[in-house]
Amino acid sequence: MHLAYPAVLSALLFCTGLYGVLARRNAILVLMSVELMLNAVNLNLVAFDVWLSKTAEETLHSGQALTLFTITIAAAEIGIGLAIVLAVYRNRGTSDIDKLRDTAESHDTDGPDRDALTAPQAEKAEATA
Amino acid sequence: MTTTNLAVLVPLLPFLGAAAGLLLGRTAPGFVRPLAVLPTLASLVLATVVALRQGGDQAIDAATGLTPTGSVPIELALHIDGFAALVAVLVGVVATCVQTYSTGYLREDPRYPSYAALVSLFTSAMLLVVYSGDLMVLLVGWEIMGICSYFLVGHYWETPEARAASIKAFLVTKLGDVPFLIGLFALATDAGSFRITKVLGTVASGGLDHPTLIALLLLAGVAGKSAQFPLHTWLPDAMAGPTPVSALIHAATMVAAGVYFIARLLPVFAASQAAMIVLAVMAAVTMLGSGLAALAQDDIKRVLAYSTIGQLGYMTGALAVADRGAAVFHLLSHGAFKALLFLAAGVIIHAAGTNSLAAMSRMGHLRARVPDAYWTMTVALLALAAIPPFSGFFSKESVLGAAEHVATGHTEQAPGAAGWTVLIAGLITALLTAAYAMRLWLLAFRGRGADAPDHGRQPLTMTVVLWMLAAPSLAVGALAYRVLPDWFDGRDLTPTLTTSVLGTGVALIGGIVTYAAWRHTTALAARVPLGAVAAHPEGDAAQVEAEAIASHAPVYGGVAYAPDPADPGRLLLGPLHRHAAVGFHLDAVYRALFVRPVQAGASLVRFLDREVVDTYVRGAGALPRWLGIAVRRAQTGNVQTYVSALLAGTVVLAVAAVLVATGA
């Protein structure tokens, strides 16, 4: 099989994932899109490993070994990610990324005094959240 | 012990007492009263011993240089002549009486330990001034008195009057002290020494280059300390302090220091005719103005304060005619009866629950409540009004006699104009003095109306002291014959016939006229009810007084004023009463001349700081703040925006890397 096929496939997968990460609103779908991007990379790793090992005298197949690592880590990562999403959903009643804007700088703050003044309020908001 | 050693102990003992009192006040409250009274008493005994040993003979001089101090040496020096010895005894007597009285007067005061320690420090500073033979050491005592008066006048610092009065006392006396310091430097430069003996030697040999300038500079400090016109305004307000403090400041220390200083350096002043004339005019204005103002005051202590200013005017008048014997004689007798007047006024305020004469004149039987204060105050007022044979008569006649001597050209030491000024002003003031003494006595003790509140006898410590001071008020006058001239310059102090007849005559006229006016107006008193008494009449005297001071302004509309038509002073002064009650608007003048410009300057500095300096600071901060605002706009909180930006950046970097790699 020519190298172009898996490369194009993985590029398509990656772009799909990228689109999902940038455009989807649901946090779970964003996580799934991240998985897609990861798997696109995995596919690349395997394909290039095979392509390189054709010409080599002897090889360790390090690309495929790395793929196994990536899959393991991705599993752990998706577990934590889903747990966070669940926790957020239980707290806020939504997992909509557009509405999770706690890190935003509020627009009315305009000076050091006002920062000092809003700091306790922000803390209180976090505590109630 | 040698006399010198004893003399060193005299100022040292109260100082050690003050230090111990301050240190032990919290930890050992039982020792505070002994520590306040005993060192003062001991230094009184020692001062008496020193005075007896000195005996008016050759002055005792002793000096020890501490360390070389550059051009003009400063030495710890004693110079005890007859004046110093006797004034020290007076200071000791009054300070002992005041300390004893204070144990009763402030017996429940939580700040008594620091109060007693400050009074001791004050006494020690005055004794230092009295005994010092070096002008710089004298200045140290002089300034310690200034700061102690600040603390003591502000003892009731819960009341705004006391806070304002303490700051005023400090600032006004400092206004005089700055020229005083310059004058001391000028004097020492001319004389080449700070030692009083050397300065006087230089003056005697005519070595003083600028006598008028030096005398006028020194006079400013004296006017501030001794409350002479135009720097007298702090003294009536200083009545916001506790009564024993008023007695101490007014009788023997602080105000006496200025007069005593001129008496010590009289040849310096006498070297300049102009200074003597200025001194005489100052004394005359002070005497007349204070006499009129005293007639219009409503607060019993302010009447006494203005009378102090007037009597100090007599002393400076005596100095203006170059008779320091008469001045110090009047200082001694005035010290005794004025301390008595103040301490008795304290008892009266405690008994009546108010410091307002208008309120007292509407109380019946006040004199039956405080018989000791009544009798002793009568004695002291007679002495103040210079009625023979009380002590004030002899000392005042010695002043008037000296003025008459100069006026008629018997001596050449002082200009005749000064003599006439002092003589005429002194006679008019004798009339005014008798008038306000009579008014005070009538209003305080001859009131009619509801009975004065009765809360038992006054503490023994307070009444015994009054009788102790009544004795010298009666008897000091006898010293004018034979005894005192030996201690002083040897000048005759006995009353002369002309001035005695004139002085006593005008005093009697003043008293009778006031009595007639009182008879005329007293019927009005019942029709205009007035008066407010302290909220806690059963409390100790200090608390009653603090409440009386605090309530006077809200009840009567001013600290010095009461709208009382039954006041004989109002009838006597006529249209002048309104101006006299506020001290002839001198405070308003000072407000326009000094306070307003200073406040305007302060607001200018405030404006420069807020609007000019701060503009640069804010300008420096503006650029970073705008940058911050711009960056902050990117922080939307939307993670996807951040990731998009990250992607865009990555793409840009990748393209750039590719372009660099291909060498495009």
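Because the structure is a prediction, the values reported are computed rather than measured.

A.B. asks: Help me understand the overall build of chain A, please; the structure alone is not making it clear to me.
C.D. replies: Tallying secondary structure elements over chain A gives four helices and zero strands in all. Each helix and strand of chain A, ordered N terminal to C terminal, gives the series α-α-α-α. Counting the 129 residues in chain A, one finds 9% classified as buried. In chain A, of all internal contacts separated by at least 6 residues, the share reaching a separation of at least 24 is 50%.

A.B. asks: Sorry if this is basic, but what is going on with the overall build of chain B here?
C.D. replies: Each helix and strand counted, chain B has 28 helices and four strands in total. For chain B, the spread of C-alpha atoms along the three principal axes comes to 125 × 70 × 50 Å. Of all 664 residues assigned to chain B, the portion counted as buried reaches 56%. Restricting the contact set of chain B to residue pairs at least 6 apart, pairs at least 24 apart contribute 81%.

A.B. asks: Can you walk me through the UniProt feature "transmembrane region" (unreviewed entry) in chain A in this structure?
C.D. replies: Per the UniProt record, "transmembrane region" (unreviewed entry) is found at residues 65-89 of chain A. Between the C-alpha atoms that bound residues 65-89 of chain A there is a distance of 36 Å. The span itself is 100% helix and 0% strand.

A.B. asks: Can you walk me through the environment of G92 of chain B in this structure?
C.D. replies: Residue and element names in this part refer to chain B. In this structure, G92 sits in helix α3 (residues 82-105). A residue is classified by how many C-beta atoms lie within 10 Å of it, and G92, with 27 of them, is buried. Distance in space between the C-alpha atoms of G92 and T123 is 7.8 Å, their sequence separation being 31 residues. Among residues more than four places away in sequence, those in contact with G92 are T40, S43, L44 and A47.

A.B. asks: Just checking my understanding: could you explain the nonpolar core for this structure?
C.D. replies: One broad trend across soluble globular proteins is that nonpolar side chains are buried collectively. All names here are of chain B. Ranked by size, the top nonpolar core spans 231 residues in total, and within it A88 and L343 carry the most contacts. Broken down by element, the residue count for this core peaks at 20 residues, all from helix α15 (residues 324-352). Contacts of A88, omitting those with residues within four sequence positions, involve V10, A47, A51, L127, V130 and Y131.

A.B. asks: Would you take a moment to explain the UniProt feature "domain: NADH:quinone oxidoreductase/Mrp antiporter transmembrane" (unreviewed entry) in chain B for this structure?
C.D. replies: Residues annotated by UniProt as "domain: NADH:quinone oxidoreductase/Mrp antiporter transmembrane" (unreviewed entry) correspond here to residues 132-403 of chain B. The span residues 132-403 of chain B carries 78% helix and 1% strand; its end-to-end C-alpha distance comes to 29 Å.

A.B. asks: Mind showing me how you'd approach helix α1 (residues 3-24) of chain B here?
C.D. replies: All names here are of chain B. Compared with the 32 Å implied by 1.5 Å per residue over 22 residues, the 31 Å span of α1 between its first and last C-alpha is a close match. At P11, α1 is bent by approximately 35°, the largest bend along its length. Considered for burial, the residues of α1 that qualify are A7, V10, P11, L13, P14, G17, A18 and G21. Looking at the packing, one finds that the buried side of α1 touches α2 (32-54), β1 (60-65), β2 (75-80), α3 and α4 (112-131).

A.B. asks: Looking at this structure, how should I read the confidence of the model for chain B?
C.D. replies: It should be kept in mind that the predicted coordinates are not to be read in detail where pLDDT is low. Residue and element names in this part refer to chain B. For chain B, the mean per-residue pLDDT works out to 84, and 95% of the residues sit at or above 70. Within chain B, no element has a lower average pLDDT than helix α24 (residues 541-556), which sits at 72, and none a higher one than helix α28 (residues 639-662), at 92. Across the interfaces of the predicted complex, the ipTM metric reaches 0.74, alongside a pTM of 0.77.

A.B. asks: Quick question: what am I supposed to make of the interface of chain A and chain B here?
C.D. replies: Accessible area lost when the parts come together is the quantity often used to give the size of an interface. Counting from both sides, the interface comprises nine residues of chain A and, opposite them, nine residues of chain B. Of the residues assigned to the side of chain A that touches chain B, the class counts are four nonpolar, one polar and four charged.

A.B. asks: Would you take a moment to explain the packing of α3 of chain B against α4 of chain B for this structure?
C.D. replies: Packed helix pairs are characterised by how far apart their axes lie and by the angle those axes make with each other. Residues and elements named next belong to chain B. At a minimum axis distance of 9 Å, the contact between α3 and α4 shows a crossing angle of 175°. Viewed along their axes, α3 and α4 adopt a mutual orientation that is roughly antiparallel. On α4, the residues touching A84, V87, A88, V91, A95, V98, Q99 and S102 of α3 are A116, V119, T123, M126, L127, V130 and Y131. Classifying every residue of the contact of α3 with α4 gives 12 nonpolar, three polar and no charged.

A.B. asks: Can you help me understand helix α3 (residues 62-92) of chain A in this one?
C.D. replies: In an α-helix, one full turn covers 3.6 residues, which means residues spaced three or four apart are oriented alike. In a regular helix each residue adds 1.5 Å, so 31 residues correspond to 45 Å; α3 of chain A covers 44 Å between its end C-alpha atoms and thus fits that length. G93 of chain A sits one or two residues past α3 of chain A and shows a positive phi near 80°.

A.B. asks: Please explain the UniProt feature "domain: NADH-Ubiquinone oxidoreductase (complex I) chain 5 N-terminal" (unreviewed entry) in chain B as it appears in this structure.
C.D. replies: Mapped onto this numbering, the UniProt entry annotates "domain: NADH-Ubiquinone oxidoreductase (complex I) chain 5 N-terminal" (unreviewed entry) at residues 68-115 of chain B. Its end C-alpha atoms 37 Å apart, residues 68-115 of chain B is made of 58% helix and 12% strand.

A.B. asks: Any chance you could explain unusual backbone geometry here in plain terms?
C.D. replies: Phi is mostly negative for residues that are not glycine, and the peptide bonds are mostly trans. Residues and elements named next belong to chain B. Omega for the bond connecting F229 with P230 falls within 30 degrees of zero, at 5°, which places this linkage in the cis form. Non-glycine residue M254 carries a positive phi angle of around 50°. With respect to the helices and strands, the residue M254 is situated in the loop between α10 (243-252) and α11 (255-264). Not every positive phi belongs to a glycine, and H585 is a case in point at roughly 60°.

A.B. asks: Which parts of the structure should I look at to understand the packing of helix α18 (residues 371-384) of chain B against helix α20 (residues 416-445) of chain B?
C.D. replies: Residue and element names in this part refer to chain B. Contact geometry for α18 and α20: axes closest at 9 Å, N-to-C directions at 165°. Relative to α20, α18 is oriented roughly antiparallel. As α18 runs across α20, the sense of the crossing is left-handed. Contact residues: Y374, T378, L381 and L384 in α18; T433, A437, L440, W441 and F445 in α20. Split into classes, the residues belonging to the contact of α18 with α20 amount to seven nonpolar, two polar and no charged.

A.B. asks: Help me out: how do you make sense of the confidence of the model for chain A in this one?
C.D. replies: All names here are of chain A. A residue-level look at chain A finds 81% of positions with pLDDT of 70 or above and a mean pLDDT of 82. Element-level pLDDT for chain A is lowest in helix α4 (residues 112-128), with a mean of 48, against a maximum mean of 93 in helix α1 (residues 4-23). Long-range and interchain partners of residues 109-119, a stretch whose pLDDT sits below 50, account for three contacts in this model, where long-range means more than four residues apart.

A.B. asks: Help me understand the environment of L484 of chain B in this model?
C.D. replies: Residue and element names in this part refer to chain B. Looking at the element boundaries, L484 is found in helix α22 (residues 483-487). Considering only alpha carbons, one finds L484 and T48, 436 residues apart in sequence, at a separation of 15 Å. Once residues lying within four places of it in the same chain are set aside, the contact partners of L484 are F329, L479 and L493.

Rules of the game
- Residues numbered from 1 in each chain as written.
- Chains lettered and ligands numbered in written order.
- Predicted model: local features only at pLDDT ≥ 70, side-chain atom pairs only at ≥ 80, totals over all residues.
- Helix = DSSP H or I, 4+ residues; strand = E, 2+ residues; numbered from the N terminus.
- Buried ≥ 20, exposed ≤ 12 C-beta atoms within 10 Å, placed from the backbone.
- Contact = placed C-beta atoms within 7 Å.
- UniProt positions renumbered as here; feature names shortened; annotations may be inferred.
- Core = buried A, V, L, I, M, F, W, Y, C linked by C-beta atoms within 7 Å.
- Expected span 1.5 Å × (residues − 1).
- Bend = angle between axes of the 7 residues up to and from the residue.
- pLDDT = per-residue confidence, 0-100.
- Nonpolar A, V, L, I, M, F, W, Y, C, P; charged D, E, K, R; others polar.
- Axes fitted to C-alpha atoms, helices over the stretch in contact; angles between N-to-C directions.
- Parallel < 35°, antiparallel > 145°, perpendicular 65-115°, else oblique.
- Left-handed = near helix turned anticlockwise from the far one by under 90°.

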